[in-house]
Amino acid sequence: MTDPLIFDGHNDLLLQLHNRDVSPGKDGFQGDGGRQIDLTKARHGGFSGGFFAIYVPDVVNIDMHDKMSSDSYDLPLSQEISWSEAAPVALSQAAILYQLERDGALKICRSTNDIRNCLANGVMAAVMHMEGAEAIDPDFHMLEVLYQAGLRSLGPVWSRPTRFGHGVPFRFPGSPDTGPGLTADGKRLVQRCNQLGVMIDLSHLNEAGFWDVAELSDAPLVATHSNAHALTPHSRNLTDRQLHAIRDSDGMVGLNFAVAFLREDGRMDADTPLDRVLRHIDHLVTHLGEDRVGFGSDFDGATVPQDIETVAGLRVLRVALRQHGINDALMKKLCHDNWLRVLDATWQNPAKNAGLQSRPF
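Rules and cut-offs
Residue numbering note: each chain is counted from 1, following its sequence as written. Given that the model is predicted, a residue must reach a pLDDT of at least 70 before its local features are reported, and side-chain atom pairs must reach 80 or more before they are shown or counted; all residues, however, enter totals for whole chains, interfaces and linings. In computing side-chain values, all of the structure's heavy atoms are included and hydrogens and water are not. Any two cysteine sulfur atoms within 2.5 Å of one another count as a disulfide. Under the scheme applied here, a residue whose accessible area is under 20% of the maximum for its type counts as buried, over 50% as exposed, and between as partly exposed, the area being computed with a 1.4 Å probe on protein chains only. Computed over the protein atoms alone on a 1 Å grid, cavities are sets of points where a 1.4 Å probe fits but cannot get out and pockets are open sets with protein on both sides within 12 Å along at least five of seven lines; a residue lines them when it has an atom within 4 Å of a point. Grid points are joined across faces, edges and corners, and a volume is the space filled by probe spheres set on the points. Under the scheme applied here, ten amino acids are nonpolar (Ala, Val, Leu, Ile, Met, Phe, Trp, Tyr, Cys and Pro), four are charged (Asp, Glu, Lys and Arg), and all others, including Gly, are polar. Elements are defined by DSSP. Helices are runs of H or I of four residues or more, strands are runs of E of two residues or more, and each kind is numbered from the N terminus. Throughout, a contact is declared for two residues whenever any of their heavy atoms are within 4.5 Å.

S.K.: If you had to explain the state of the cysteines to someone new, which residues and values would you point to?
M.R.: For the structure shown, the criterion picks out 0 disulfides. This cysteine, Cys 109, is not joined by any disulfide, and Cys 118 carries the nearest cysteine sulfur, 3.8 Å off. Classification of Cys 109 as buried rests on a relative accessible area of 0%. Using a relative accessible area of 5% as the deciding quantity, one classes Cys 118 as buried.

Structure representation (structure tokens):
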């Protein structure tokens with residue numbers, strides 16, 4: 001059987017393009033000159049696209065790789081970024097995604113039919129995602145505009161506070177239970193996203209925020225790029241109790257390839273064997289079921305196992321999965337079917353709310 005294409009839960013390519021660390025043209029993303037993702041590597045690795053994150057970076061950069069190479073660490077949370085500072089950066093990254101679409105490099109997908117068509121026709125599929133909602137104003141005008149532009153997935157926080165809630169720090173060892181959850185505005189944001197059919201991403205939310213979303217949301221619970229806390233006790237990972245809540249909502253988790261969230265010692269070390277990936281997949285499948293696990297690589301935003309290195313290395317990952325005993329049916333689910341299932345369920349939500357006014361708050 002031909003290995004199925006991989007549709008992935010998270011990448012940070014837009015940040016690399018925004019920072020000009022990668023060019024959008026044939027010497028960069030559209031050729032073979034990208035970092036972890038470009039079209040040449042994607043074709044080699046069977047990478048069909050996924051969630052392209054709009055992310056507003058900190059003003060002051062911390063050398064996370066160096067600090068997360070210790071036996072233990074607790075990186076301080078950065079300060080909240082104002083809407084006026086965040087909005088231009090978010091719009092710039094959205095515009096970059098549109099430019100790539102105009103250039104024929106990818107297709108912005110607003111429905112699962114769009115994704116399926118991309119898979120069938122060899123076109124890179126891009127779901128516009130926002131990682132941290134700093135660019136969303138309290139009246140949700142930006143949310144409405146970005147939804148019309150193609151936004152279909154949103155994480156209320158990255159690992160710093162927003163007006164909507166609180167994120168987890170990068171802490172090892174550590175628990176995701178780090179403080180208060182969603183604010184009143186955050187709860188309104190969840191409700192509005194449910195009405196629009198924008199998927200709420202639980203990755204980076206602290207545990208209190210996770211349970212706030214679980215109580216409020218009528219959509220499946222989804223963490224696009226998170227791993228198992230029972231195997232790696234990092235604050236960014238999900239406890240078994242959280243996994244069971246995701247299972248009970250018929251949601252899913254995309255496995256993060258970032259090595260600090262895979263290794264038992266929490267170190268940011270690329271010399272991480274693929275059996276760490278396999279152990280997390282086994283744990284997630286055991287606690288979520290075969291229909292609720294996929295990939296959320298964090299390519300172009302993380303240090304990944306050196307045996308994978310880039311999207312071209314996804315071929316190596318599939319070989320390891322087959323040697324591990326993953327059969328054809330489960331392989332297809334992990335690679336893209338599970339993402340299509342949960343997005344079918346989430347993006348159909350607006351039909352339930354057709355009678356609601358556009359702003360019921």
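After that view of the structure, there is still more to cover.
S.K.: Kindly report on empty space enclosed by the protein, identifying the contributing residues and their values.
M.R.: Counted under the stated rule, the structure contains 2 cavities of 30 Å³ or more. Its boundaries defined by the atoms lining it, the largest cavity holds a volume of some 60 Å³. What lines the largest cavity is a set of 15 residues, and nearest its centre among them are Leu 202, His 204, Leu 205, Arg 236 and Leu 238. For the lining of the largest cavity, the per-class residue count stands at 6 nonpolar, 7 polar and 2 charged.

S.K.: Quick one: what's the story with the side chain of Arg 192, residue by residue and with numbers?
M.R.: In this fold, Arg 192 is placed in helix H7 (residues 184-196). Given the relative accessible area of 5%, Arg 192 is considered buried.

S.K.: Explain the side chain of Thr 112 residue by residue, including any values.
M.R.: Locating Thr 112 in the fold gives a position in helix H5 (residues 112-121). Here Thr 112 is in contact with Leu 340, Leu 343, Asp 344 and Trp 347, once residues within four sequence places are set aside.

S.K.: How would you sum up the layout of surface pockets? Please name residues and give values.
M.R.: By volume, the largest pocket amounts to about 960 Å³. Lining of the largest pocket is provided by 36 residues; of these, Leu 15, Tyr 55, Met 64, Trp 158 and Gly 301 occupy positions nearest its centre. Taken together, the elements giving at least two residues each to the lining of the largest pocket come down to helix H1 (13-18) and helix H3 (64-67). Considering only enclosed or pocket space, the second largest pocket measures out at about 230 Å³ in volume. Lining the second largest pocket we find 14 residues, and of these Arg 43, Phe 47, Gly 122, Val 123 and Met 124 sit closest to its centre. Breaking the lining of the second largest pocket down by element, the ones donating at least two residues are helix H2 (39-45), strand E2 (47-54) and H5. In terms of residue count, the dominant contributor to the lining of the second largest pocket is H2 (3 residues).

Keep in mind that these numbers describe shape and distance, not what the molecule does.
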